[in-house]
Amino acid sequence: ANSRCYGGQPGYLANIDSEDENDYLYAKLSKKPHFSANTHDAWIGATDMKNEGVFSWIGPKHLINGVKFWEGDENGQAIDGRYTNWGQDSSGQSQPDSNGEEDCIEMRGASPGRWNDKNCYQPNEFFIVEFGPPASTTDH
């Protein structure tokens, strides 16, 4: 994502702050050629790589210390009332499931727009890129 540019602005994986934004991005994604909701997912810009079970949005101005939005496993809670949209993985396990090998977040196609934590080294054909400064620029 970082190598993509639009109007001179570098790109980064999407940071999602609201249901409206999530729905908008999923609608755009689902209209992409070759995207099949039954078989495709897309990377978004959240991770718990730095601290297992503490999920943060990463992007400009917060690549190392992201903006925290969730703490815990599927029974955890949103930080400071931030928006989340956790779903289930392909086996039906509620997310995030605190599997130490799953540090990146994808937007699921099969459960429209819901999020799943997944191993960062697993392939995803799609990713959602934003350009310019994110709405959430305050590090926590």
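Only a predicted model underlies this, so the values are computations on that prediction, with no experimental measurement involved.

To continue, consider the side chain of Asp48. One can find Asp48 in the loop between β3 (41–47) and β4 (54–59). Although Asp48 is buried, it forms no salt bridge, and the closest oppositely charged side chain is Lys68 at an N-O distance of 12 Å. Excluding residues that lie within four positions of it along the chain, Asp48 makes contacts with Gly53, Val54, Phe55, Glu102 and Asp103.

So, on to the sheet that holds strand β2 (residues 9–13). The sheet built from 3 strands is open, its strands ordered β1-β2-β10 with antiparallel pairing. Since the sheet does not close on itself, it has two edges, and those belong to β1 (5–6) and β10 (129–131), each with one partner. Two elements, β1 and β2, share 2 bridges in a ladder whose sense is antiparallel. Residue pairing for β2: Tyr6 is matched across the bridge by Gln9.

For the rest of this paragraph, the subject is the state of the cysteines. The full count for this structure, using the stated rule, is 1 disulfide. There is a disulfide in this structure between Cys104 and Cys120, and the S-S distance comes to 1.9 Å. In this structure the cystine formed by Cys104 and Cys120 twists about its S-S bond by roughly 95°; its chirality is therefore right-handed. Of the two residues, Cys104 sits in strand β7 (residues 104–108) while Cys120 sits in the loop between β8 (115–118) and β9 (126–127), which places them 16 residues apart along the sequence. A residue is classified by how much of its surface remains accessible, and Cys104, at 17% relative accessible area, is buried.

Right, let's talk about the packing of aromatic side chains for a bit. Per the counting criterion, the structure on display carries 10 aromatic pairs. The interplanar angle of 90° and the centroid separation of 5.8 Å between the aromatic rings of Phe69 and Trp115 together place this pair among those described as edge-to-face. Of this pair, Phe69 sits in strand β5 (residues 62–71) while Trp115 sits in strand β8, and the two are 46 residues apart along the sequence. The buried category is assigned to Trp115, whose relative accessible area is 0%. Between Tyr83 and Trp115, the aromatic rings sit 5.7 Å apart at their centres with planes inclined by 85°, giving edge-to-face as the arrangement. Residue Tyr83 is located in the loop between β6 (77–78) and β7, and its partner Trp115 is located in strand β8; the two are separated by 32 residues in the primary sequence. Summarising the burial analysis for this pair, Tyr83 and Trp115 share the class buried. What links up through ring pairs into an aromatic cluster is the set Phe55, Trp57, Phe69, Trp70, Tyr83, Trp86 and Trp115.

Another aspect to go through is the side chain of Glu130. As for its position among the elements, Glu130 is in strand β10. Nearest to the buried, unbridged Glu130 among oppositely charged side chains is Arg82, at 12 Å. Here Asn15 takes part through its backbone nitrogen, which lies 2.9 Å from a polar atom of the side chain of Glu130. Apart from the residues within four sequence positions on either side, Glu130 is in contact with Pro10, Gly11, Tyr12, Leu13, Ala14, Asn15 and Glu21.

Quick notes on the rules
- Residues numbered from 1 in each chain as written.
- Predicted model: local features only at pLDDT ≥ 70, side-chain atom pairs only at ≥ 80, totals over all residues.
- Heavy atoms only, no water.
- Helix = DSSP H or I, 4+ residues; strand = E, 2+ residues; numbered from the N terminus.
- Buried < 20%, exposed > 50% of the residue type's maximum accessible area, 1.4 Å probe, protein only.
- Lys, Arg positive; Asp, Glu negative; His and termini not counted.
- Salt bridge = Lys/Arg side-chain N within 4 Å of Asp/Glu carboxyl O.
- Contact = heavy atoms within 4.5 Å.
- Pairing = 2+ DSSP bridges.
- Disulfide = S-S within 2.5 Å.
- Phe/Tyr/Trp six-rings, centres within 6.5 Å; stacked < 30°, edge-to-face > 60°.
- Polar contact = N/O pair within 3.5 Å; in protein donor to acceptor, adjacent residues only side chain to side chain.

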